[in-house]
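# Observations on the model geometry
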Amino acid sequence: MYWEKDLEVLDRKHLEKLQVERLMTTLQQAVNSPYYGRIPEISKAIKSPIHSIDQIRELPFTTKEDLRNDFPWGFLSVDKREVVRLHSSSGTTGNPTVVYHNHHDLASWANLMARSLFAAGVRDTDVFQNMAGYGLFTGGLGFQYGVEKLGCLSIPAGAGNSLRQIKLMRDYGTTVAHAIPSYLGRLFDVFKEEGLDPRKDTKLHTLVIGAEPHTEEHRQRIEEMFGVKAYNSFGLSEMNGPGVAFECTEQNGLHIWEDAYVVEIIDPITLQPVAEGEIGELVMTTLDRVAMPVIRYRTRDLTRFLPGKCKCGRTHRRLDRIAGRSDDMFIIKGCNVFPMQIEGVLMKLPEVGDDYRITLETIDDQDEMIVQVEVKKEWFKGDLAFLDKLQKYITRLIRDEVLVRPLIKLVEPGSIPKTEGKAIRVFDRRKK
Ligand code: COA
Ligand code: AMP
Ligand code: ZN
C-alpha cells in the first residue's frame, strides 16, 4: 500500500532521470536568487545541462554560514509577494537561518509528510495528536498540514503540559501521536502519577518520534512503555522540516524521498563521497522547492546508506539512524543549541568571568541543561540578592536565545576544572 505508488516504487533508472530533470528546473529557479545568481557553477550548469545525477558534484556546497550571511533575502528565488510562510531558527543574537515557502512548496511538503505517515501505517481513520512545538518549529505546522492532507482527525496539542496531553488523548481517542523521544519518559511518568497505564487507558497504537538523536534501545523502551510501534522521523528546517526521511512499517532505516531531494554522503574532511555504506555527512539538494531552493546543503548530520532493498517495495534509499553531528550542535527538549549561542549571551555580561560549562543531565526522567557560570571576583562577594537577580537574568537571556530554560549555577572564578588542551564546554550525561 502506497500513498503515491508511481513515485514510491519507481525503478532507480527512472528515479535518477526524474532527479536530473528536477535538478535542472531547480537550478533555473535558484539562479533567480541573489546568492545563487552570483555562483558561476550554477549559471554554467544551466548553459550546459547536467545529464547524470553524479554531475551534481560539480556544484559548490551551501552551508549554514552561507544562509546566515545572506540573511534575510539572499536565498529567495521568487518575488516576496509569492511567499506565504517562513520558518526560522531560534536566537536573539546573530542572523537566524530562515526558509521561505510559497503555495507550491507548502503543498509539496504536506504531500511528503502524508506519504511518510502513510508508509508508517497511519490512515485517515486515525486520530493524530501532535505534541511538537508549533510556531516557528517545523515539527508543528509541518506535521499538521501532512496529517490533514492524509485525512486524520488532527489534534494540534503543541508541546508541554503533560496532564492536558493525557486528557486530550483519552477524550478524543488518540491513536497516533508525534513527540520528541526524550519527552516520552516524562509523559509516561505523568501517566503513572495519575494512576494510568497508556497501554490500557489509551487507544494509542503508533508513535512517531524524531527531531533528536536516539538509539534503537530507546525506541524499544518507548514501544514497551506505551504498547505501540514507534517510527523514526527525520528532517531539518533547511529541507522543509519533517517529511524528509521516514521509517516504513518494516522499521529498518529511514526511506529518504529521492524524488524531492538529491542525497549525497560525503567525508566531512575531504568533502568527497564516502564508500558505499560508510558513515559520512549528509548533503541534500531540494528538487521540488520554488521559493527557496537549496543546493548541496551540508546538513552536518552523520549517517550512512543502508544496503539492500526494503521489503516494502519502496525504491528510495534508506538512511541509518543519525549517528551524530560533524559540528558541536546539540539538541535538548527538541531545541537545537550551539554552545556559541550560550557563550555569546554570557560574554556580553560584565559580571561574568572567563569560564562556563554546560552539562546535560536527565533529572526525574526529563533532560535538563545545567550551565555553571563563573562570576568575576568583584561581583561574587556574598551579596545574595544581587547574585539571585543575576542568576534569574542569565536564565531569562539564555531561555530567550535557545528556547529551553537552563538551570544556572553561579560559581566562583577558577572553580570550573580546566580540561586538557582545547576547552571542552559541553558534557552530555543524559540517559540515552
Ligand atoms: N516536547 C513536549 N513537551 C515537553 C518537551 C518536549 N520536547 N520537553 C519538556 N516538555 C514539557 C514538560 O514535561 C513540561 O510539561 P509538564 O510539566 O506538564 O510535564 C513543559 O513541557 C515545560 O517543561 P520545562 O522543563 O519547564 O521546559 P522549558 O521551559 O525548558 O522548555 C518547551 C519549553 C519544552 C516548551 C520547549 O523546549 C519546546 O517547545 N520544545 C519542543 C520543541 C519541538 O517541538 N521541537 C520539534 C522541532 S521539529
Ligand atoms: P530543525 O532544523 O530544528 O528541525 O533540526 C534539524 C536537526 O535535528 C537535524 O539536522 C538533526 O540533527 C536533528 N534531527 C531531526 N530528526 C532527527 C532524527 N530522527 N534523529 C536524529 N536527529 C534528528
Ligand atoms: Zn520500506
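Residues numbered from 1 in each chain as written. Chains lettered and ligands numbered in written order. Predicted model: local features only at pLDDT ≥ 70, side-chain atom pairs only at ≥ 80, totals over all residues. Heavy atoms only, no water.

## So, the site of ligand 2
The criterion, for reference: When at least one non-hydrogen atom of a residue lies within 4 Å of a molecule or strand, that residue is treated as near it. Distance and chemistry together define a polar contact, namely a pair of N or O atoms within 3.5 Å, with one atom able to donate a hydrogen and the other to accept it when in protein, and with adjacent residues in sequence counting only for side-chain atoms on both sides. Asp, Glu, Lys and Arg are counted as charged, while Ala, Val, Leu, Ile, Met, Phe, Trp, Tyr, Cys and Pro are counted as nonpolar; the rest, among them Gly, fall into the polar class.
Lining the immediate environment of ligand 2, one finds 17 residues, of which Asn232, Ser233, Ser237, Asp301 and Asn336 sit closest. Asn232 places a polar side-chain atom, nitrogen or oxygen, 2.8 Å from a nitrogen atom of ligand 2. The backbone of Ser233 places a nitrogen or oxygen atom 2.7 Å from a nitrogen atom of ligand 2. By residue class, the composition of the shell around ligand 2 is 7 nonpolar, 7 polar and 3 charged.

## What to know about the domain arrangement of the protein
Keep this limit in mind: Where each domain starts and ends follows an automatic or database-derived domain assignment. The criterion used for residue contact is that any of the two residues' heavy atoms lie within 4.5 Å. Accessible area that two parts lose when put together, evaluated with a 1.4 Å probe and summed over both, is termed the buried area. A run of DSSP states H or I qualifies as a helix once it reaches four residues; a run of E qualifies as a strand once it reaches two. Both are numbered from the N-terminal end.
Taken domain by domain, the protein holds domain 1 (1–327) and domain 2 (330–429). Distance between the C-alpha centres of domain 1 and domain 2: 31 Å. Contact residues are listed per partner, giving 16 residues for domain 1 and 16 residues for domain 2. Regarding the contact of domain 1 and domain 2, the summed buried area is about 1200 Å², with carbon and sulfur atoms giving 52% of it. The largest share of the area that domain 1 buries against domain 2 comes from Ser90, Thr93 and Phe137, three residues that together contribute 32% of it. Our count for the domain 1 to domain 2 interface comes out at 1 residue pair in polar contact (both at pLDDT 80 or more). For the side of domain 1 that touches domain 2, the secondary structure elements donating two or more residues are α5 (64–69) and α9 (181–193). Ranked by residues supplied to the side of domain 1 that touches domain 2, first place goes to α9 with 4 residues.

## Description of the packing of aromatic side chains
Basically, it comes down to this: Here is the rule: rings of Phe, Tyr and Trp (six-membered ring for Trp) pair when centre to centre is within 6.5 Å. Planes less than 30 degrees apart are stacked, more than 60 are edge-to-face, and the remainder are tilted. Partly exposed describes any residue whose relative accessible area lies between the buried limit of under 20% and the exposed limit of over 50%, with all areas from a 1.4 Å probe on protein chains only and scaled to the type maximum. To sit over a ring, a charge needs its Lys NZ or Arg CZ within 6 Å of the ring centre and within 35 degrees of the ring normal.
Within this structure, the stated rule accounts for 9 aromatic pairs. Relative to Phe75, the ring of Tyr36 lies with its centre 5.3 Å away and its plane at 90°, an arrangement referred to as edge-to-face. On the criterion of sequence distance, the pair formed by Tyr36 in helix α3 (residues 34–37) and Phe75 in the loop between α5 and β1 (85–88) is long-range, its members being 39 residues apart. On the basis of relative accessibility, which here comes to 3%, the residue Phe75 falls in the buried class. Both rings, one in Phe191 and one in Phe226, keep their centres 6.2 Å apart while their planes meet at 80°; by these two values the pair is edge-to-face. On the criterion of sequence distance, the pair formed by Phe191 in helix α9 and Phe226 in helix α11 (residues 216–226) is long-range, its members being 35 residues apart. Here Phe191 matches Phe226 in class, with each residue buried. Pairwise contacts between aromatic rings join Tyr35, Tyr36 and Phe75 into one cluster. A cation sits over an aromatic face here: Arg115 above Trp257, 4.7 Å from the ring centre. Here the basic side chain of Arg298 rests over the ring of Phe61, its NZ or CZ set 6.0 Å away from the ring centre.

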